[in-house]
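# Topology and contacts: notes
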Amino acid sequence: MNETANQSSGNLVLDRRFAWAQAAAHEGAHAAAAEILEQIIAEAPRWAAAWFALGEAREKAGDHPGAILAFQHLAEADPSGLLGADLHLARLGAGAAPARAPDAYVRGLFDTYAARFDAHLTGDLAYRAPQLLNEALRAACERGRQIFHFPRVIDLGCGTGLMARSLSPHFDDMQGVDLSPLMIEEARRTDLYASLHVGELATFLRERPAQSAELVIAADVLVYLGALETTFTEAARVLTSDGLFGFSVQQGDAQDWVLGQDMRYFHSRAYLTRLAATAGFEVISIDAASSRKDAGHDVPGLVAILRRA
Ligand SMILES: C[S@@+](CC[C@H](N)C(=O)[O-])C[C@H]1O[C@@H](n2cnc3c(N)ncnc32)[C@H](O)[C@@H]1O
C-alpha cells in the first residue's frame, strides 16, 4: 500500500489488530486477514487504510465481489484518491477507469518511492526508457539532417532526472515538471535542470508560452494518463515548428487506452497516430520497444518521436 496513507486509526488497540491483519496477509492467510480487518472496520468505519487492506485481502482470498465492496467504501473514505480506489475498481471491472490517475495517488506513490527509485528501476526492473528515447532522438536528428542538440527542453514527469542525465550534454536549458515533490528534490540534485516545478504536466504545459521549446519529452510518464488529447495539443502548442515530441508508453492495441492490472495505462499505436495527426505532428518513428520488466517479463511498449509540422 501507499506508505503515505494514514496507517493509524488513532486507537492503539485497533492499530495493533491492524498489524496482526498485515502479518496474516504477509503470511498468505488472506481470509484470516480479511476477518480481522472486518472487525476493525466495525469500530473504525472511516479508516481508509483498513478499507484498502480489506479490499486487497478479499481480492487475494478470491472474494471478488467483497473486494469491490471494500474499494467502494475506500472511495468514500478517501475522496482525494490517494489510495487509488477508482483505479482498483476499474481494474476489477466495477467502473470506468478515470481519464488519468488521480494527482494524490501519483504524488503519494512517487513520494514514497523517490529515495529508492533509481536503484529499483534501473536494477530490478531493467528500466531504460531514457536510453531508448535518447537513441530514437539521435536517429530522428540524423534522418532529418538536424544537429542532435536542443536549446530548450521540457521534461514532463521528470522524476529523479534520469532523462536529463541520459540527454546531457545535448541540450542547453531543460525545465522539469513532476507531481511528486520528493522526486523533484532528487532531480534537483542532478544540477542539470534550469528550473523544476511541482505540478501536473497538462497544467504546466498550458501555462507555457507558445513555441517556447524545441523538445518535449515524456519518459514512462504517459502510462499514468489514459486520455492523451490535451497532452498532445499542448505539446504541439509549446513546440517551435520542427520541434520534437518524444515519449514512451505501454502498448495495448485492443482500445485507444485501457487501464492495466498493473494500475498503469496502455495505449494503442492507432490512437497515438490519430492524436499526432489531429494535433499537427508528423510521425517520425513509433517503434516497438520495452522500457521495463514486470515480474521478470518485458512489458510491451512503444517509443515515439513526432515532429511539429
Ligand atoms: C516512472 S516515473 C519516470 C520518471 C522519469 N521520466 C524517468 O524516466 O526516470 C513517472 C513520473 O511521472 C510523474 N507523473 C505521473 N503523472 C504525472 C502527471 N500527470 N503530471 C506530472 N507528473 C506526473 C510521477 O510523479 C513520476 O515521477
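Bear in mind that the values here come from a model prediction, so they are computed numbers and not experimental data.

Right, let's talk about the overall build of the protein chain for a bit. Assigned secondary structure in the protein chain consists of 13 helices and 11 strands. Once the C-alpha set of the protein chain is aligned to its principal axes, its extents read approximately 65 × 40 × 35 Å. When each of the 309 residues of the protein chain is scored for burial, the buried share is 55%. Partitioning the intrachain contacts of the protein chain with sequence separation of at least 6 by distance along the chain shows that 61% fall at a separation of at least 24. Counting every atom, the protein chain has about 13500 Å² of accessible surface; 52% of that belongs to carbon and sulfur. One finds the centroid of the 27 positive side-chain charges in the protein chain at a distance of 4 Å from the centroid of its 39 negative side-chain charges.

What follows deals with the pairing of strand E4 (residues 213–218). Burial runs high along E4: six of the six residues are buried. The pairing of E4 with strand E5 (residues 239–251) spans five bridges and is parallel. Within the sheet, the bridge partner assigned to alanine 218 lies in E5 and is phenylalanine 247. In terms of handedness, the path from E4 via helix H12 (residues 229–238) over to E5 forms a crossover that is right-handed.

Here the focus is the side chain of serine 180. Mapped onto the fold, serine 180 is located in the loop between strand E2 (171–178) and helix H10 (181–190). What serine 180 contacts, discounting residues up to four positions off in sequence, is Arg107, Phe110 and Asp111.

To continue, consider the layout of surface pockets. Quantified by volume, the second largest pocket comes out at close to 200 Å³. In this structure, the second largest pocket is lined by 14 residues; those nearest its centre are Gln22, Ala25, Phe52, Ala53 and Glu56. For the lining of the second largest pocket, the elements supplying multiple residues, two or more each, are helix H1 (12–26), helix H2 (30–43) and helix H3 (48–60).

A separate point is the site of the ligand. Around the ligand, 21 residues are found, and the nearest of them are Tyr127, Gly157, Asp178, Glu200 and Ala219. Contact distances for the ligand include 2.5 Å between an oxygen atom and a side-chain N or O atom of tyrosine 127. Between the ligand and glutamate 200 there is a distance of 2.7 Å, counted from a nitrogen atom to a side-chain nitrogen or oxygen. Against a free-state accessible area of 600 Å², the protein chains account for coverage of 99% of the ligand. For the shell around the ligand, the class distribution of residues is 14 nonpolar, four polar and three charged.

Overall, the coordinates contain one cavity of 30 Å³ or more when judged by the stated rule. Space inside the largest cavity adds up to approximately 60 Å³. Forming the boundary of the largest cavity are Asp220, Val223, Ser248, Val249, Gln250, Arg264, Ser291, Arg292, Val299, Pro300 and Gly301. With three residues, the top contributor of residues to the lining of the largest cavity is E5. Split by residue class, the lining of the largest cavity holds four nonpolar, four polar and three charged.

Definitions and cut-offs
- Position labels on residues start from 1 in each chain and follow its written sequence.
- Only residues with pLDDT of at least 70 get local features here, since the model is predicted, and only at 80 or more are side-chain atom pairs given and counted; chain-wide, interface and lining totals rely on the full set of residues.
- Excluding hydrogens and water, the side-chain figures rest on all heavy atoms present in the structure.
- Under the DSSP-based scheme used, a helix requires at least four consecutive residues in state H or I and a strand at least two consecutive residues in state E, with every element numbered from the N terminus.
- We call a residue buried when its accessible area falls under 20% of the maximum for its residue type, exposed when it is over 50%, and partly exposed in between, using a 1.4 Å probe and counting protein chains only.
- By definition, residues are in contact when any of their heavy atoms lie within 4.5 Å.
- Only the protein chains shown count as cover for residues, with accessible areas throughout obtained via the Shrake-Rupley method and a probe of 1.4 Å.
- Lys and Arg are tallied as positive, Asp and Glu as negative. Neither His nor the chain termini are counted.
- The atoms used to mark charge sites are NZ of Lys, CZ of Arg, CG of Asp and CD of Glu.
- Between any two strands, pairing holds if DSSP finds at least two bridges.
- Seen with its strands pointing away from the viewer, a crossover is right-handed when the path leading from the first strand over the helix to the second is clockwise.
- Computed over the protein atoms alone on a 1 Å grid, cavities are sets of points where a 1.4 Å probe fits but cannot get out and pockets are open sets with protein on both sides within 12 Å along at least five of seven lines; a residue lines them when it has an atom within 4 Å of a point.
- Grid points are joined across faces, edges and corners, and a volume is the space filled by probe spheres set on the points.
- Near is defined per residue: the residue qualifies when any heavy atom it owns lies within 4 Å of the molecule or strand.
- Pairing of N or O atoms within 3.5 Å defines a polar contact, subject to two protein rules: one partner must be a possible hydrogen donor and the other a possible acceptor, and residues neighboring in sequence count only if both atoms are side-chain atoms.
- Polar here means any residue outside two lists: the nonpolar Ala, Val, Leu, Ile, Met, Phe, Trp, Tyr, Cys and Pro, and the charged Asp, Glu, Lys and Arg; Gly therefore counts as polar.

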